[in-house]
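The lines below spell out each chain.
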Amino acid sequence: MPLGATIRSATRIVGLVRWRELALRAFRCPLCGGRQLAIKLGADEMLVRCLGCRASAVTMSMVAVLGRVVPELADKSVYELSARGPLVAYLKRRAARLTCSEYFDGVASGAFLGGVQCQDVQRLTHADGIFDLCTSTEVFEHVPDDLRGFAEVQRVLAP
């Protein structure tokens, strides 16, 4: 990570810290494996991060469940509704094929911006039944018609 991005990230983190609730704890991160340290910046579970890969508690929980439900990703085609972050890095290492996208306001679904495909989950441009698995964190709370978005995810998933 470039120095400027590291400094911006650290500054954001410092602003979130509830200093009386700050804690470090050793654990096994399901994303980066091995023994890692988790930092707890406050009472809210959204303020827990793995210091190894920077995964949030939500992402760590999702990957732990994925490991039990879909233990072998090496033969799966996965669609992730984000194009960056610890979950994307994890899926890139493990899935046979990973397709990522982001929603960019004012960009047509299917078009690319900065090498990343724009997709509106309410109107995906992907063909029916082409993915074995779809993952998403912190996306659907921003979707105006989430039922339509879930229907689109169901449409692009293989039976």
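Refer to the structure presented above.
Quick look at the structure, then.

Thresholds, definitions, all that
Residues numbered from 1 in each chain as written. Predicted model: local features only at pLDDT ≥ 70, side-chain atom pairs only at ≥ 80, totals over all residues. Heavy atoms only, no water. Salt bridge = Lys/Arg side-chain N within 4 Å of Asp/Glu carboxyl O. Buried < 20%, exposed > 50% of the residue type's maximum accessible area, 1.4 Å probe, protein only. Helix = DSSP H or I, 4+ residues; strand = E, 2+ residues; numbered from the N terminus. Pairing = 2+ DSSP bridges. Axes fitted to C-alpha atoms, helices over the stretch in contact; angles between N-to-C directions. Arc of directions from axis to C-beta. Polar contact = N/O pair within 3.5 Å; in protein donor to acceptor, adjacent residues only side chain to side chain. Contact = heavy atoms within 4.5 Å. Core = buried A, V, L, I, M, F, W, Y, C linked by side-chain atoms within 4.5 Å.

Okay, the pattern of salt bridges next. Considering all chains together, one arrives at 5 salt bridges under this definition. A salt bridge links Asp 75 to Lys 76; the shortest N-O distance between them is 3.9 Å. Exposure remark for Asp 75: the relative accessible area of 52% places this residue in the exposed category. Since its relative accessible area comes to 26%, Lys 76 is described here as partly exposed. In this structure, the salt-bridge partner of Asp 128 is Arg 155, at a minimum N-O distance of 2.6 Å. One end of the pair, Asp 128, is in the loop between strand 7 (116-117) and strand 8 (133-135); the other, Arg 155, is in helix 4 (residues 146-156), with 27 residues separating them in the sequence. A residue is classified by how much of its surface remains accessible, and Asp 128, at 56% relative accessible area, is exposed. When its relative accessible area of 25% is taken as the criterion, Arg 155 is described as partly exposed. Linked through salt bridges whose partners overlap, the residues forming this network are Asp 128, Glu 152 and Arg 155.

A separate point is the sheet that holds strand 4 (residues 77-80). Spatial ordering of the open sheet is given by 5-4-8, a layout of 3 strands whose pairing is parallel. The sheet terminates laterally at strand 5 (97-100) and strand 8, the two strands that pair on one side only. Each strand axis lies, on average, 20 degrees off the axis of its neighbour in the sheet, ignoring direction. Examined bridge by bridge, strand 4 and strand 5 share 4 bridges and lie parallel to one another. For Val 78, the partnering residue across the bridge sits in strand 5 and is Leu 98.

Our next topic: helix 4. Looking at helix 4, one finds that the buried residues are Gly 149, Glu 152, Val 153 and Val 156. Along the long axis of helix 4, the arc covered by the buried residues comes to 100 degrees, so they all point the same way. Relative to its buried face, helix 4 has exposed residues pointing more than 90 degrees away, namely Leu 147 and Gln 154.

Before going further, it helps to spend a moment on the side chain of Ser 101. With respect to the secondary-structure elements, Ser 101 resides in the loop between strand 5 and strand 6 (112-113). A polar contact is formed between the side chain of Ser 101 and the side chain of Tyr 79, at a distance of 2.6 Å. Once residues within four sequence positions are removed from consideration, Ser 101 is found in contact with Tyr 79, Glu 80, Leu 81, Ser 82, Ala 83, Val 116, Gln 117 and Gln 119.

Formed by 17 residues in total, the largest nonpolar core has its most connected members in Leu 31, Met 60, Leu 73, Val 78, Tyr 90 and Leu 91. Contributions of two or more residues to this core are made by strand 3 (48-50), helix 2 (57-69) and helix 3 (86-94). No other element matches helix 2, which puts 4 residues into this core. For Leu 73, the contacting residues outside a window of four places in its chain are Val 78, Tyr 90, Leu 91, Arg 94, Ala 95, Ala 96 and Leu 133. Among the nonpolar cores identified, the runner-up in size contains 11 residues, and Tyr 79, Cys 134, Val 153 and Val 156 belong to it.

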